[in-house]
Each structure stands twice: as structure tokens, then as C-alpha cells.
Amino acid sequence: MAGRVKGMLDALAHRGPDGSQVHGFGSAMFGFSRLSIRGLADGQQPLVDAEAGVMAVCNGEIDNHQELRAWLTGRGRAVAGATDVAVILPLYLELGGAFVERLVGAFAIVIWDQRDNKVILARDRTGERPLFYSVKDETVFFASQIAALAQDQAVVKRANQSALCDYMRAGYFAAPTTPFADIVKVPPAEIVTIDLDGVRNGRYWHWEIGQAVARRPSEQEFDVIFRDAVRRQSAVDVDFGVFLSGGIDSSLIAAVTRQVYPDKPLRAFTLRFNEGSYDEGAFAEAVAARLGIECTSVWVRPGDLPAILGDMIRSTGEPLADPAWIPAALLSRRAAQEIRVALSGEGADELFGGYPTYFGAGLANSYAKLPARMRGIIRKRVERWPPSDKKVTLSFLLKRFVLGEGLNPLARHRVWTASINPDVMATLGFAADAGEIEVAGSGKLLDMLQQFDLEHSLAEGLLTKADRAGMRFGLELRAPFLDRAVIEFAATLPGTERVRLFQTKRFLKRYALRYLPKDIVMRKKRGLSVPLAQWLRDPLFDWAQSRLDSPRLSHSGVDLAAVQVMLNEHRQRRADHARALWTLIVLSEWLAWADSLNFPNVSSASSETMASLQQIHAPHAITAEAV
């Protein structure tokens, strides 16, 4: 059994380059690969309490470990070791499954409780750290990445055709689904218990936007909360820095970090593009100079994409359609030469109302009241606009806007943010998306959209990008905006403090003026994008064509003739199919990797998979985890 776990750990070595360990306890075997961040001298795992009969591993950081240590000591629970994760076992012994509710940080935790013959798996509230598992022949397998599970021949690797179709629409996999029918992703803010009675899922936390009592926001109160969040996440025993784009979110984190550490040498890392409308490096360098932070630029060129994409898919075992995955990986590779932890601005848009789709939703309601004939004229004129290679142009936004006509607000929002829109999906040979997604909340439009983005596009897309890109090179990315106190503060903001008319992130921008000049705070949102439209027409065309002509795509139901028409239309500038083509290129790369595992490319619906798991007992555990 130890040899099998070791093989899985080998596939996780990039996530934990500072050593690995395999430990058996009872009928369980845990593996651990370590990235040393806190408690460098005593942070080895798995954690074992032989007297209680419990073993645990944790991938991530427990930011409130000092408070928990004091609380546990006051209740007579000894905490062995100085590292942050040392509080997990005594907290579990004190509170049982409710232990996870007390944790603050980014974490994926697995516990083996020999007393009850059960395995417990849990993920942090927003999904910063990944966790996958599979159950086969009374054995539970788990790992931080699918590629590690794929190493074991006992793990069944059947393609999940339904999930692959959903991936093409959204660009990511929504938990609990994965590309494989027999591998399950633990959803954010959930705890999964597997024992002799089967598999049980429980949600331990919800973002209460629209349900928390709205109140007049205090910038002073938020300043205390946000500074504490930055301080907690940067309280590490290794060198750390910031990812800086020159936009408000990352610039604010850099400015607050400088205030928290006025005398500490800090490093910033930013991306650069030769294509002017995509390059924000000059803004990032200006912010860094103002704050006295050394800034390193990483240039992204079209020739970087093919090799890095293949490497990312092989190392993770899953496709992700966000084109920014590749520059994020390049940035992480360079930063990892200098630091072990990087702070990033993920989460600010979802929490504080930063996306143009939020005010676009209100415009769409007004647009729907126009006469049908007038809407038809507007749509035809918008669709005739020629495509542009520039970043987030007005024509791009308007084409997305009219595409969602006639849909309910959430369905329209999903179309606006889709990797492949419904019209193109139909052209490729796939039926319309019939899936309904329920979003908890107040029922107000803005609350609903922000809740959806936090739980789906952020958790499954942006945070997946950040984790896989950083950990591929042994770099841990942390997002201070996703600190629990920051999230809960944002839930109390009135809607008009988030979005009003065309103004987004109103409260956050007002707060940011404490630290940053107005030209940075009020600069038009651009986000991290890649000039794919231009690159796929020329420097990457031959490579793209070779990937899009793959029979593996055809086996997955994709109409290859339609794909070639799209590619030619794109090259001839008759349409902008860059995002859809990229989504299919990534899928083709993943299918080639998956094919090397010698599994049958047969559909298996995730609902059937979950039903079968309910019938499986789990008295043994073979597991692997990276920290």
C-alpha cells in the first residue's frame, strides 16, 4: 500500500517540494508532500494522535491558529507543535465534525477516525485549496490534484461526458463534478463523511449577502478588518510578495502590505504584453515605485502557450479554459525563484461588485422593455460590427449584451460569462443547457449575481487558475479579500455601495483612496486577458489547427467540420471565436493526456456516479495529500 501512495505523491511533488512522508495508521495510509510556509522546523505531516485513534493531513494555512491554540489550551487540549496546522487534531477531538466551522484560512483537510471507521474531507469556504476523492472496492482515495489519483490503477478513469459538455459552456468544472465520472471534487464550504453507512455531504457555511443586516459601511472599521487580513495571510516564515497588475485590487493589497510592513523589503511581480491594449505593466511599475516595492516584469509571448499548456494539464489532470491560466503560470514560475507566498487580488470583484455585468444586468431589464422590432434592429447592427483584436472593446461587450436577450437574469449572466455561448454550442452539435442553478440569497438581482460568481466562476474558475498556476511551481497564492471577516463585512454592504448606475465597487474605491492616488483607483477595469484573437490568427494558427483537428474531440461529440469553419472564420476576421477555440484546444490537450491513461472514452453521468457511491462502504483508506 505504501508504494501505491508513494506513486501518487510523486505526481504531487511540485506542490510540496520540501519533502514527503508516508504514514500508516490502522487501516489507513496517508501520504504528504510539504511546501514549508509556517513552522519550518516541525511542520511534518500526517498529524497523528495514536491514543485517540485519529490521523489528519492539511493542504493549506490555518490563519487563526494562534487564537485557536489559546482556546484549546484553555479547555485543557494540548497542541503538539508550533505549526499552524497542529491545531486541527485537538480541535477535531474537541468539536467533532463542527471543527471546520472554527477554522479561518485556505485549506483542504482529510481526517481518518479509526474509532468510527470513517474518513472526513473538508474544504475552505471559498475553495482556495482543491480536494478530490474516489471510492472503489471499499477503499477511499484522495488527493490535491486529479493527476495524482490517476496514478493508481485501482481508480476508475471513465470520462464524464456530461461534465465535459458543461466545461465547454462554462470553462470550468463545478463541484462535485470532474472530467472523470468516478472522481469527485469536494465543493467549497462542504464537509464530506465516508463511513460504513456511505457518503454524506454537509454544507457548513454560506455567504449571507442580502441576508445579513445592511448597514452604513464604515471605512475605518473595514481598514482594521482588511489590515488584519493582510497581516494574517502574510504572517509566514518564508519570503513573500505580491502579484501586481496596476488595477485597484492588487494595488490596494500592495499598499496595505507596505503599511503593515513599512521597513520590510517587498517584491512585486507583474505581467507584460507587447500588445498595447493588453499591457498594464507600466501602471503596475508606477504603483510599485510609489510604494517603494521592487517590481519584476514577466513578458508573455505567443510561443509560450503550447508548452506551458501541455505541462499544466499533465501536472494537474484537468482542463481549464481561462486563457489567463498560462500567463498566471509564467508569473508564478518567475516569482517562485524569489518567494514562497504571493498575495493576490482575487475575490474583490465578486464581493464588492466590480464586474460590468452587474450594471449590465440592470440595463438588460430596461432593454427588454423596448419594442421587439427596435431590439431586432439593434441586434443586427451590433452583430455586423467587425471583430477587434483589442482588449474588451465596446463591440465585444455589446455583442455579449444582445446575446442574452429574452433570458432570465441568471441564465443571461451565465451566457455573458460563458466560454462557448449557446449558439456556438448548437453549431458544435450540443443541446441547449437545460441545467438550473439555485442561488441562495435575498432574491435581489445584484445579490444573486454576486453569489453566483463567488460560488461558481470564482471558486471553480479563478481560484482553480490561481492554485494550479502557483502550486505547479511550489508557490502559494493567498487572497486577503477572501479572509472570512472581509467576506462577512462585504455581505452587509447596501447594494448602492457596491454598484450604482455605471459605478462599480463604490465603497471599495472610496476606501482605496486612503492608500492610492485617484488615477489608479478610478482607472477603467481591464482584468487579466491574453491577446488570443490575434495570436490564433497568425503565430499560433498552425498549432491551433493541429489540436482542433483531433479525432478525440469528435469522440467527445464535437462536430470537427464546424470547428474548422469557426477557425477559418476567425482567421479571416469574419468573427471572433477566440474564446471558444481556446476552450476546445484545452479540451483536446486534456483528451490526449487522458488517452495516455488507457481509459475508455465512455460517458457516465455524475448523478449515476454519486448514486453508486452511496452504496459503497469505506473501511479502508489509501490517500495522498500535498501541503
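Just so you know, these numbers come straight off a predicted model, no measurement behind them.

*Asks:* Please explain the overall build of the chain as it appears in this structure.
*Replies:* Scanning the chain from N- to C-terminus turns up 27 helices and 20 strands. Relative to the globule expectation of 25 Å for 627 residues, the C-alpha radius of gyration of the chain, 24 Å, shows essentially globular dimensions. In the chain, which comprises 627 residues, the share counted as buried stands at 60%. At a minimum sequence separation of 6, the contacts of the chain that also span at least 24 residues come to 73%.

*Asks:* So what exactly am I meant to see when it comes to the pairing of strand 4 (residues 54-62) here?
*Replies:* Each regular strand shows side chains that alternate between the opposite faces of the sheet. The buried count for strand 4 comes to nine of nine residues, which makes it a mostly enclosed element. Hairpin connection between strand 3 (residues 47-49) and strand 4: a loop of four residues separates the two successive antiparallel strands, and Gly53 in this loop has a positive phi of roughly 80°. Here nine bridges tie strand 4 to strand 5 (residues 105-113), and the two strands are oriented antiparallel to one another. By the bridge assignment, Glu61 is partnered in strand 5 with Ala106.

*Asks:* How should the sheet that holds strand 6 (residues 118-123) be read in this particular structure?
*Replies:* Paired through their backbone hydrogen bonds, the strands of a sheet run either parallel or antiparallel. Taking strand neighbours across the sheet as the criterion, the six strands line up as 3-4-5-6-10-11 in an open arrangement whose pairing is antiparallel. For this open sheet the edge positions go to strand 3 and strand 11 (198-203), each flanked by a neighbour on one side alone. Between one strand and the next, the sheet's axes are offset by a mean angle of 15°, whatever the strand orientation. Summarising the sheet, strand 10 (residues 190-195) and strand 11 pair through six bridges and their orientation is antiparallel. Following the sheet pairing, Glu190 is matched in strand 11 by Arg203.

*Asks:* Please explain the sheet that holds strand 16 (residues 476-478) as it appears in this structure.
*Replies:* Taken in spatial order, the five strands make up an open sheet running 14-13-12-15-16, and their pairing is parallel. At either margin of the open sheet sits one strand with a lone partner, and together these are strand 14 (294-300) and strand 16. In this sheet, adjacent strand axes meet at a mean angle of 30° when their direction is disregarded. Summarising the sheet, strand 13 (residues 267-273) and strand 14 pair through seven bridges and their orientation is parallel. Bridge pairing in strand 14 links Thr270 to Ser297. Taken strand by strand, helix 7 (residues 248-260) contacts strand 12 (240-243) and strand 15 (341-343), and its axis lies near 150° from that of strand 12.

*Asks:* Teacher, can you tell me more about the environment of Lys524 here?
*Replies:* With respect to the element layout, Lys524 can be found in the loop between helix 21 (518-521) and helix 22 (532-537). Spatially, the C-alpha atoms of Lys524 and Gly247 are 8.4 Å apart, while their sequence positions differ by 277 residues.

*Asks:* For this particular structure, what's the right way to read unusual backbone geometry?
*Replies:* What is expected of a backbone is that most residues other than glycine have negative phi and most peptide bonds are trans. Residue Gln45 is joined to Pro46 through a cis peptide bond whose omega torsion reads 5°. Turning to its location among the elements, Pro46 is positioned in the loop between strand 2 (28-33) and strand 3. With a phi close to 60°, Glu138 is a non-glycine residue in the positive phi region. With respect to the helices and strands, Glu138 occurs in the loop between strand 7 (132-136) and strand 8 (139-143). Given a relative accessible area of 37%, Glu138 falls into the partly exposed group. Of note, the phi angle at Leu501 is positive, near 55°, even though the residue is not glycine. Mapped onto the elements of the fold, Leu501 is located in the loop between strand 17 (499-500) and strand 18 (503-504). On the basis of relative accessibility, which here comes to 71%, the residue Leu501 falls in the exposed class.

Criteria and cut-off values
Residues numbered from 1 in each chain as written. Predicted model: local features only at pLDDT ≥ 70, side-chain atom pairs only at ≥ 80, totals over all residues. Heavy atoms only, no water. Helix = DSSP H or I, 4+ residues; strand = E, 2+ residues; numbered from the N terminus. Rg over C-alpha atoms; globule rule 2.2 N^0.38 Å. Buried < 20%, exposed > 50% of the residue type's maximum accessible area, 1.4 Å probe, protein only. Contact = heavy atoms within 4.5 Å. Pairing = 2+ DSSP bridges. Axes fitted to C-alpha atoms, helices over the stretch in contact; angles between N-to-C directions.

Any link to function would need more than the numbers given here.
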